[in-house]
Amino acid sequence: MSTEETPAPRSLAEALRARDDASLAALLRSRPDLITPVPTDLTQLATRAGTRASVVRALERLDRFTLQTAQALAVAPDPASYDVLLALLAGDDADPGVTAALPRAVGVLREQALVWGGTDRLRLVRTARELLAPSPQHPSATGLGPTVAEATAGMSPGRVQEIVAAAGLTSTHDAVSAVASLTALFTDRKRMAALLDSASPDSLDVLRRLVWGPPYGQVTAAPAVHLRWLLDRGLLLPTTPGTVVLPREVALHLRGGRAHRTTEPLPPGIEPVATHRPQVVDSAAAGQAYTALATVEELLKDWDEGGPVVLRAGGLSVRDLKRTAAALDVSEPVAAFWVELAYVAGLLASDGEADERYAATPAYDEWLEWPAARRWARLAEAWLTMTRTPGVIGGRDAKDRTLSALGPGLDRSAAPEVRHRVLALLAALPEGTAPTVDSVLARLHWERPTRGPQQDREGDEDLRTRLARWTLSEAESLGVTGRGALSSQGRALLGAPAAPAKAAEPTGPGDKLPVHHHTNHTHHTDHAHHTHPAHPGHAVPEPLSPPEQAVASATAARLLAPLLPEPLDHVLLQADLTAVAPGPLERPLADVLGVLADVESKGGATVYRFTPGSVRRALDAGRSASDLHDFLAAHSRTPVPQPLAYLIDDVARRHGHLRIGAASAYVRCDDDAVLSEILADKRSANLRLRRLAPTVLAAQADPSALLEGLRGMGFAPAAESAEGDVLITRAHAHRTPARTAPDPVPDGPPAPDATLLSAAIRAIRAGDLASTAPRRPTETPAVDGDLPRTGPAETLATMQAAVMTGEAVWIGYVNAEGAASQRVIAPIRVEGGFVTAYDHTADEVRTYPLHRITGVAELADDQP
């Protein structure tokens, strides 16, 4: 066991001051809220590290064993030695797993400035102790109660002496020594065992019920004999009328010295449910990737002419979500996922018009032109970093309002971290290995046992668990995983190294994915191991920066590209008026065929069906019958069936025979017999037609209603313009103005990069030098915390002397905004009412007006 350097620090600020830059960088990296904004010195950094909000956030990010270590320190004496802490966690049997894992846990707590002091005087920061120590209002996770001293604080001295005498101890002259004597008894294993040997089975049964918590129980005004025996000897102590508590020292004796019932030094292993060949995994994932692209394209094609209306409160109505799910032939939760993913990827947005609707963005048209693998990488990258969480759609928010797709309130800042962590766990498994869901959830719960709100409104499981479930499902739908195992393109998307070789069969939980242990209790800077305990044989990928993610996405696209099917330029026409596309079609062919025929079924092969309505739709779009014949002949590997040719000719022959225009509306036809047939048909009654001339009918309905009405009667009318020309009704692609994809909502301040860390540490060190540098005594010494005060003449003389000697001085300075600060500077020259000096605080050369310097003091001789 290593020891700390002497002298021991007297405060957290002193402990931080003794750290090197690498250790400070590890602290600021693990707790980025501490440099927002950058502290002026190490004292302010220590103060900020002890604030309640910052400590709560740090505790929430500890793994289970490190948190158990902090909880044990909270019930240990303050300060506690390392051996005392080890005894609380390992118990009387000295659990070897705990003994091996404890140095790492203490190292994490030190690194994150939650623990300071030497190994013989470990101190938990005060705020953490207040949060974790047991109290009646906030029970500890250890299940322990107050100490004997705490429980007897309000007890009369006479009653304390009675307890001491009943326990067989010698009476003392004061309550303090009596409590100390009783505490010594309860912490002495042999004497305590002898005392309990004289207890009745009923008394011991009461202790067994309280030993693991909660330590409080109820008693009547006249307790039974076995309870009275415990109360008389202080084995139970009264807290409030009718309530007793089991003292901490008694509970620890009964527990064999353990602070926790179950100590978990190692993370639970990831259990495999199946192992597949990597090629099978990649192929299955590629198939899902292709389906994902087709689904997003189908969604936006369905919204091409303007999608659903935006609700007044924002988002998609339940009815529109149901209609979209039916159009995509998926369930509503799955449809919500694809809608949200397209929105986060910047492919759809609201158009911002008065009658606001959702529609595709201009970025969607650009996305369509990309190769399929690159389009998938764009979706996968957006999914990996998105904080919008489709899984909560349909739940209720804090104001009991329903959460709708594309609406507000869907951001969950923890989502990217959980998503990345789940995939990282899959990346740590041998290639082709699919884990069980329960083992992944158990591992995540070990890594983050404490969170803010433990449960969300939408269910009994905590949010982090549900995020993990959604991640596994969404990764499979998107093609990041295949058959439950991480694919090669998914691994590349994470920036993960090559998969580990298949390992030998593990023999226990710790052998499956053991923790990497450190071997001492001193400062550690390997934050990756602290954050995500993993197998020592392979690195756990950390979240990538945007430039790194772009490179990783390009690599993933390159790996996926050969696995995706090549687009085809042909279909197979069949005599039953269907066409079979045996794979994905080239875009021009798919666009024309989507107008000419209706999709009947999807899958590995898509089946299109030709109907009179679909052929008329193609004719309405400006195609002639000869165009359709030529198109089918050019793109079919089989001859054009006669029934299909007849269908096209028959619809084309009748297409445009009737003309619809605006009178309110009219119908004209060269064949007056057809008009007579229309007038005689009872189905035309609601159109309110009347004959204006032998070849013209007038209607009260508008042209569009008249057009649909006659089509419903079996006719094939064509609309015409005011000039009498046939109107060509091509699909109108409605697009929003240029839109940017929504930014993720961060989970607290972002992790600082190396440049920011270096600058922040320099500023903190310089500020600390200015605030702690010893000064020579002056005739008018400054009050602690005030700026130095000297007259203008003395200030000028001291500056000039410092220029000549090259010494640094301490100054007080007030800038143009009136903000006062203190600095350590090395004057270079003094002229024209200004002093030019190297500012140790800012780490640069600056010029200061002399009239803004409130005073100057020389540093002590031992300072640079």
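Computed from a predicted model, the values in this text were never measured in an experiment.

Digging into the overall build of the protein
Here comes step 1: If you tally the helices and strands in the protein, you get 35 helices and 25 strands.
Here comes step 2: Residues counted as buried form 48% of the 864 residues belonging to the protein.
Here comes step 3: With the model as given, the accessible surface of the protein reaches about 40,100 Å², and the carbon-plus-sulfur share is 54%.

Brief notes about the nonpolar core
Here comes step 1: By size, the foremost hydrophobic cluster in this structure holds 90 residues, and its most contacted members are F186, L235 and L236.
Here comes step 2: If we skip the residues at most four places from it in the chain, L235 touches F186, M192, L195, L196, L207, W229, L230, V245, L246, P247 and V250.
Here comes step 3: Counting residues in each nonpolar core, the second largest holds 73 residues, with V344, Y358, L403 and A557 among its members.

Remarks on the pattern of salt bridges
Here comes step 1: Enumeration according to the criterion identifies 35 salt bridges in this entry.
Here comes step 2: For D78, the salt bridge identified is with R129, shortest N-O distance 3.8 Å. Here the residue D78 occupies a position in the loop between α5 (64-75) and α6 (82-90), and R129 occupies one in helix α8 (residues 126-132), the gap between them amounting to 51 residues.
Here comes step 3: In this structure D78 comes out as partly exposed when scored by relative accessible area, which is 42%.
Here comes step 4: Given a relative accessible area of 17%, R129 falls into the buried group.

Structural notes on the environment of A561
Here comes step 1: Residue placement: A561 occurs in the loop between α27 (546-560) and β12 (572-574).
Here comes step 2: Judged by relative accessible area, A561 falls into the partly exposed class, the value being 37%.

Structural notes on the sheet that holds strand β13 (residues 578-581)
Here comes step 1: Spatially, β12-β13-β15-β14 is the arrangement adopted by the 4 strands of the open sheet, whose pairing is antiparallel. Unpaired on one side and paired on the other, β12 and β14 (598-601) mark the two borders of the sheet. Neighbour to neighbour, the strand axes of the sheet diverge by 30° on average, direction disregarded.

Points about the packing of aromatic side chains
Here comes step 1: Under the counting rule described, the total for this entry stands at 4 aromatic pairs.
Here comes step 2: Look at Y813 and Y848: their rings are 4.8 Å apart centre to centre, the planes differ by 70°, and that puts the pair in the edge-to-face class. Here the residue Y813 occupies a position in strand β21 (residues 809-814), and Y848 occupies one in strand β24 (residues 844-849), the gap between them amounting to 35 residues. Judged on exposure class, the residue Y813 and its partner Y848 are both buried.
Here comes step 3: We note R374 situated over the ring of W370; from NZ or CZ to the ring centre the distance is 3.8 Å.
Here comes step 4: If you follow R375 out to its NZ or CZ, it ends over the ring of W367, 5.4 Å from the centre.

A short note on the sheet that holds strand β22 (residues 820-831)
Here comes step 1: One open sheet accounts for 5 strands, arranged β24-β23-β22-β21-β25; its pairing is antiparallel. With partners counted over all chains shown, the strands left at the sheet margins are β24 and β25 (853-858), one partner each. Averaged over all neighbouring strand pairs, the angle between strand axes comes to 45°, with direction disregarded.
Here comes step 2: Pairing of β21 with β22, which is carried by 6 bridges, proceeds in the antiparallel orientation. In the strand pairing of β22, V814 is matched with A820.

Focus: unusual backbone geometry
Here comes step 1: Each neighbour pair has its own omega, and for D78 with P79 the value is 0°, a cis peptide bond.
Here comes step 2: Counting through the fold element by element, P79 comes out in the loop between α5 and α6.
Here comes step 3: Each neighbour pair has its own omega, and for G213 with P214 the value is -5°, a cis peptide bond.
Here comes step 4: In this model, D329 sits at a positive phi of 60°, which is unusual for a non-glycine residue.
Here comes step 5: On the secondary structure map, D329 appears in the loop between α17 (318-328) and α18 (332-344).
Here comes step 6: Classification of D329 as exposed rests on a relative accessible area of 67%.
Here comes step 7: Positioned with a positive phi, R483 is a non-glycine residue whose angle comes to about 55°.

Let's talk about the side chain of T736
Here comes step 1: If you trace the backbone, T736 turns up in the loop between β20 (718-719) and α34 (754-772).
Here comes step 2: Excluding its chain neighbours within four sequence positions, the residues that come into contact with T736 are A349, S350, D351, A359, A360, T361 and P362.

What to know about the side chain of D351
Here comes step 1: Secondary-structure assignment places D351 in the loop between β7 (348-350) and β8 (358-360).
Here comes step 2: No salt bridge is formed by the buried D351. Its closest oppositely charged neighbour is R357, at 5.9 Å.
Here comes step 3: In terms of polar contacts, D351 uses its side chain to reach the side chain of H734, at 3.1 Å.

Let's talk about the packing of α5 against α6
Here comes step 1: Running from N to C, α5 and α6 point in directions that differ by 120°, and their axes come no closer than 10 Å. At the point where α5 passes α6, the crossing takes the right-handed sense. Of the residues in α6, those touching α5 at F65, Q68, T69, A72 and L73 are L85, L88 and L89.
Here comes step 2: Split by residue class, the contact of α5 with α6 holds 6 nonpolar, 2 polar and no charged.

Side note on helix α30 (residues 625-635)
Here comes step 1: Turning to α30, its buried residues are A625, L628, F631 and L632. Taken around the axis of α30, the buried residues stretch over an arc of 125°, which confines them to a single face. Exposed and facing more than 90 degrees away from the buried side of α30 are D630, A633 and A634.
Here comes step 2: If you follow the buried residues of α30, they end up packed against β12, α28 (587-596), α29 (612-620) and α31 (642-654).

What to know about the packing of helix α16 (residues 278-302) against α18
Here comes step 1: Where α16 contacts α18, the two axes come as close as 10 Å, and the packing angle between them is 80°. In terms of orientation, α16 and α18 fall into the roughly perpendicular class. Seen from α16, the contacting residues are A292, T295, V296 and L299; seen from α18, they are W338, V339 and A342.
Here comes step 2: A class-by-class count of the residues in the contact of α16 with α18 yields 6 nonpolar, 1 polar and no charged.

Focus: the confidence of the model for the protein
Here comes step 1: Per-residue confidence for the protein averages 84 on the pLDDT scale, and 88% of its residues sit at or above 70.
Here comes step 2: Overall, residues 503-539 carries pLDDT values under 50, and its contacts beyond four positions in sequence, including any with other chains, amount to 93 contacts.
Here comes step 3: pLDDT under 50 marks residues 779-785. Its contacts with residues more than four places away, or in other chains, come to 3 contacts.

Here's the deal with the environment of R412
Here comes step 1: Relative to the elements of secondary structure, R412 occurs in the loop between α20 (372-385) and α21 (415-427).
Here comes step 2: Along the backbone, R412 and P744 are 332 residues apart, and their C-alpha atoms lie at a distance of 9.0 Å.

Digging into the environment of I825
Here comes step 1: Here I825 lies in strand β22.
Here comes step 2: Along the chain, I825 and D839 lie 14 residues apart, while their C-alpha atoms are 4.4 Å from each other.
Here comes step 3: Contact partners of I825, with chain neighbours within four places excluded, come to M799, E807, A808, V809, I811, A837, Y838, D839, H840 and Y848.

Scoring rules and cut-offs
Note on numbering: residues in each chain are counted from 1, in written sequence order. Thresholds applied to this predicted model are a pLDDT of at least 70 for local features of residues and 80 or more for the giving and counting of side-chain atom pairs; totals over whole chains, interfaces and linings are not thresholded and use all residues. By convention in this description, side-chain values take in all heavy atoms of the structure and omit both hydrogens and water. The secondary structure listing takes helices from DSSP runs of H or I that are at least 4 residues long and strands from runs of E that are at least 2 residues long, numbered from the N terminus. Each residue is placed in one exposure class: buried if its accessible area under a 1.4 Å probe, protein chains only, is under 20% of its type's maximum, exposed if it is over 50%, and partly exposed if it falls in between. Method for areas: the Shrake-Rupley scheme with a 1.4 Å probe, in which residue coverage is limited to the protein chains shown. Grouping buried Ala, Val, Leu, Ile, Met, Phe, Trp, Tyr and Cys residues that are joined through side-chain atoms within 4.5 Å yields what is termed a nonpolar core. Two residues qualify as a contact provided that any one of their heavy atoms is within 4.5 Å of a heavy atom in the partner residue. Criterion for a salt bridge: a side-chain nitrogen of Lys or Arg within 4 Å of a carboxyl oxygen of Asp or Glu. Paired strands, in this sense, are two strands between which DSSP finds at least two bridges. Lines fitted to C-alpha atoms define the axes here, with helix axes fitted over just the stretch in contact, and angles between the N-to-C directions of these axes take values from 0 to 180 degrees. Only Phe, Tyr and Trp rings take part, Trp by its six-membered ring, and two of them pair if their centres are within 6.5 Å. Stacked means planes under 30 degrees apart, edge-to-face means over 60, and tilted covers everything else. Counting as a charge over the ring demands two things of the Lys NZ or Arg CZ atom: a distance within 6 Å of the ring centre and an angle within 35 degrees of the ring normal. Just so you know, the count uses Lys and Arg for positive and Asp and Glu for negative, and it drops His and the chain ends. Polar contacts here mean pairs of N or O atoms no more than 3.5 Å apart (in protein, one a potential hydrogen donor and the other a potential acceptor; neighbouring residues in sequence count only if both atoms are side-chain atoms). Two helices crossing with the near one rotated counterclockwise from the far one by less than a right angle form a left-handed crossing, whereas a clockwise rotation gives a right-handed crossing. Polar here means any residue other than Ala, Val, Leu, Ile, Met, Phe, Trp, Tyr, Cys and Pro, which are nonpolar, and Asp, Glu, Lys and Arg, which are charged; Gly is therefore polar. Regarding the arc, it is the one traced by the directions from the helix axis to the C-beta atoms. Every angle not falling under 35 degrees, over 145, or within 65 to 115 is termed oblique; those three ranges are roughly parallel, roughly antiparallel and roughly perpendicular. Per-residue confidence from the predictor is reported as pLDDT, a score between 0 and 100.

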